[in-house]
There are 2 protein chains.
Amino acid sequence: MMPRPEINGERLLARLDLFAAVGATPGGGVNRQALTVGDREARSLLTRLAKARGFSVFQDDAANLFIRMEGRDGSLPPLLIGSHLDSQPSGGRFDGALGTLTAFEVLESLADAAFEPDRPVEVVAWTNEEGCRFAPGCMGSRAFVEGKVPAEWEGLRATDDGSRFNDDRLATIEALAPEIGHRRLGFPVAAYLELHIEQGPSLESAEIPVGIVTGVQGTRWLEVLFEGQTAHAGTTALQFRRDPLKALTRGLAALYETVMPEKDDARFTVGRIAVTPGSVNAIPATASCTIDLRHPDTFVLDQLEEDIRTQLAGAAETESVSFFIRKTVDMAPVTFSEDVVAALQAAARTAGFKTRSMISGAFHDALFLAGHAPSAMIFVPCRDGLSHNEAEYVKPEDSVAGARMFLASVLELLS
Amino acid sequence: MMPRPEINGERLLARLDLFAAVGATPGGGVNRQALTVGDREARSLLTRLAKARGFSVFQDDAANLFIRMEGRDGSLPPLLIGSHLDSQPSGGRFDGALGTLTAFEVLESLADAAFEPDRPVEVVAWTNEEGCRFAPGCMGSRAFVEGKVPAEWEGLRATDDGSRFNDDRLATIEALAPEIGHRRLGFPVAAYLELHIEQGPSLESAEIPVGIVTGVQGTRWLEVLFEGQTAHAGTTALQFRRDPLKALTRGLAALYETVMPEKDDARFTVGRIAVTPGSVNAIPATASCTIDLRHPDTFVLDQLEEDIRTQLAGAAETESVSFFIRKTVDMAPVTFSEDVVAALQAAARTAGFKTRSMISGAFHDALFLAGHAPSAMIFVPCRDGLSHNEAEYVKPEDSVAGARMFLASVLELLS
């Protein structure tokens, strides 16, 4: 009888340290933005580790990296597990890397136990999940699901050094091409499973080590613009003012009081605000802001968006300013596969993990994969919910517990 | 008997056109920022016109330009009349120039009539009233009243080309030095009178051609900073948020509803607002804004500032964010000389002008001169109250009426 596969916690933690050194920042985080030298170094390191264990390695035209453990029947679609290796410019060492290295640890633990799965198991590191150097995020998983790299990305320019997406994509592929195989985008997948840090505080504050993610919130981004009339701050009496910032603060103050307090699952965030001309002693000519609105339910999203439009239009009318609103992102909520979620719940029972079912507030590659194969995610707690930050931190025992839960889930999905 | 001095309206309007061509912008305005080539060209043009009429011309160490008509007793302090020739980068052709050229027209009309005043009359063009290229504004009149160029200005850098204030000041002085005399800063002045466009809409909307300015509002500038905690827009539930922009909009919305509506003479303006890190999908870490607060009464200003501090501190506390506020400008209200104001009222009665007594909402050089000599101002209407804008416009008949009122006032002050 084969030994039961077991996570090697020390190996996983050592690997996290190893990858944290790639693109390390002085503040203890990492800067491995997509398709930069740091990102390529991380891909190369993972490739070397994989080949040293005898796994075959492939990449597709979106530079997604695949590490394959063969199954008894190599013609079956693989079980795909993984996450991403790219980071924010001042990113943490766990966002993406923890999920990718956990998936690789699972592959190694299967190999340690000489476990031979019925179908192939593949680890994937998706290209440009973060979307900060080239927008949009999740480019690798989007392209994979579409089956091609969208033509409109070809000429995109990087926000940091202005280099072209297509040049960086091809250079990244060419750097590894001599050593690894080529895969076509969008090959069939049996199921997709991803582990990620929660990037929120709920698991930590409830002291629950594992979140079973049953779906991803819908997200809408709105751009709001109020246009009034600039005028001298000292000479213009109230009745002559058409102040767009007054209208905007009035509208936003009302929305802050209603959107989230009334709908517990809603998320309403104004991340950018600006005025022109931006002079201390001039009434602004324009005031603008962004709104990030999320909710797990499309119907509620529709309602909330309508409320926002009505509230802001009313504030504009009251202040006699013009009002424009534009939707720049509309991502429908996704409900993950009931079968995969049930497998995760069964795995948690078997392995004895306390879990919480939850909706992901953030985008992940799994959101896109869910359109291609039955998918779900596992969350682990991170300190203070902090992410996209050099201070991002996951307790070693939580990383190892997450990996054990992930292994149990993979075994459940393979059974 | 000498002919009574009369304004030559055509000459004044032609002069306005002539100076509007100096630093003219494609949009019909002017760019004659302080101590630039355009500003020097305007000084040089006025000097040529003055010398052609036989007036003597002087400048002081702050590059303030003086044109002197001798009086019967040249040892008496002069009556000083004028304004400024510098402009905003996209300024209008009347702001400053109308007052300077009106004062020069008055000098010419006195000379046309061979009028010999008891005391000298001098036209002044103050240096850098606008304060946009080098802050603070009203440098020329400030230095004049202080009797020296403050040492802390020497190293100031221009906002446009980074050149040093002291270099530009000396170069401007040197350009005219061979042709004109030198005056010491802060010589005694009998009285100071300045004409300016209102830069607000009240005279135009009441169809009154002349405003008699009895004082200048007090102005306070506040810088407000709220510090919270940045976090992921999608994953952070309401109870975990410490959103500084929520606190700021709540505080501002309340202040917009109270400050100006409750105090008719108050002016409350937020001209700048910003958040960091400024990412669509991140709760801001900080939110900041400026506040420009004005009122003619120091006691009310104190009250309003206290209200603002209390209201904002309360909003910060409600949202559990830190709150900082700093006062960067505190200019006390100024009440102009009762004697000079009475002379203007008498002049208006004699000349048959309908007038309105008013408080200036904006700073002017007269605000500083009031600390040195009895001072007051005359306002003329401008279209839509628009100023600091290429579209700034004064009807020809209003320019000429203002000059007639100004001449009548000068004659009253000389009598």
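Residues numbered from 1 in each chain as written. Chains lettered and ligands numbered in written order. Predicted model: local features only at pLDDT ≥ 70, side-chain atom pairs only at ≥ 80, totals over all residues. Heavy atoms only, no water.

Colleague: Please clarify how helix H8 (residues 298-318) of chain A should be interpreted in this entry.
Modeller: The α-helix winds at 3.6 residues per turn, so residues separated by three or four positions along the chain end up facing the same way. Residues and elements named next belong to chain A. Here H8 is 21 residues long and its end C-alpha atoms lie 30 Å apart, about the 30 Å a rise of 1.5 Å per residue gives. Tucked inside the fold, the buried residues of H8 contact strand E8 (218-227), helix H7 (244-262), strand E10 (267-269), strand E13 (286-295) and strand E14 (322-331). The N-capping residue of H8, defined by a side-chain oxygen 2.7 Å from the backbone nitrogen of Phe299, is Asp297. Two residues or fewer past H8, Ser320 is found with a positive phi of approximately 55°. (Helix = DSSP H or I, 4+ residues; strand = E, 2+ residues; numbered from the N terminus. Expected span 1.5 Å × (residues − 1). Contact = heavy atoms within 4.5 Å. Polar contact = N/O pair within 3.5 Å; in protein donor to acceptor, adjacent residues only side chain to side chain.)

Colleague: Would you mind showing me how to read the relation of the copies chain B and chain A here?
Modeller: Comparison of the two chain copies shows a relationship of rotation about an axis with a shift along it. Once turned by 180° and shifted 0.0 Å along the axis, chain B lies on chain A with an RMSD of 0.1 Å. Expressed as an axis order, the relation between the two copies is that of a two-fold axis. Taking C-alpha positions as the reference, the residue of chain B nearest the rotation axis is B:Thr249, at 2.5 Å. Taken together, the interface assignments show that 100% of the residues at the interface of chain B recur at the interface of chain A, consistent with an identical surface on both copies. (Least-squares fit on C-alpha atoms with pLDDT ≥ 70 in both.)

Colleague: Which parts of the structure should I look at to understand the environment of B:Ala342?
Modeller: Its location among the elements puts B:Ala342 in helix H9 (residues 338-351). Along the chain, B:Ala342 and B:Thr214 lie 128 residues apart, while their C-alpha atoms are 9.8 Å from each other.

Colleague: What am I meant to see in the pattern of salt bridges here?
Modeller: For side chains of opposite charge, pairing can occur when their charged atoms come near one another. Residues and elements named next belong to chain B. For the structure shown, the criterion picks out 60 salt bridges over all chains. Between Arg11 and Asp112 there is a salt bridge whose closest N-O contact spans 2.8 Å. Of the two residues, Arg11 sits in helix H1 (residues 9-20) while Asp112 sits in helix H3 (residues 97-112), which places them 101 residues apart along the sequence. The class for Arg11 is buried, based on a relative accessible area of 16%. For Asp112, a relative accessible area of 42% puts it in the partly exposed group. (Salt bridge = Lys/Arg side-chain N within 4 Å of Asp/Glu carboxyl O. Buried < 20%, exposed > 50% of the residue type's maximum accessible area, 1.4 Å probe, protein only.)

Colleague: Before we go on, may I ask you to explain the UniProt feature "domain: Peptidase M20 dimerisation" (unreviewed entry) in chain A in this structure?
Modeller: In the numbering used here, UniProt assigns the feature "domain: Peptidase M20 dimerisation" (unreviewed entry) to residues 215-315 of chain A. As annotated, residues 215-315 of chain A has a helix share of 37% and a strand share of 33%, and its two end C-alpha atoms lie 35 Å apart. (UniProt positions renumbered as here; feature names shortened; annotations may be inferred.)

Colleague: What is the right way to read unusual backbone geometry from this model?
Modeller: The bulk of non-glycine residues show a negative phi, and the bulk of peptide bonds are trans. Here the amide bond leading from A:Ala135 into A:Pro136 is cis, since omega sits at 5°, within 30 degrees of zero. Here A:Pro136 lies in the loop between strand E4 (121-126) and helix H4 (139-146). Residues B:Thr276 and B:Pro277 are joined by a peptide bond in cis, for which omega reads -5°. Structurally, B:Pro277 is set in the loop between strand E11 (273-276) and strand E12 (282-283).

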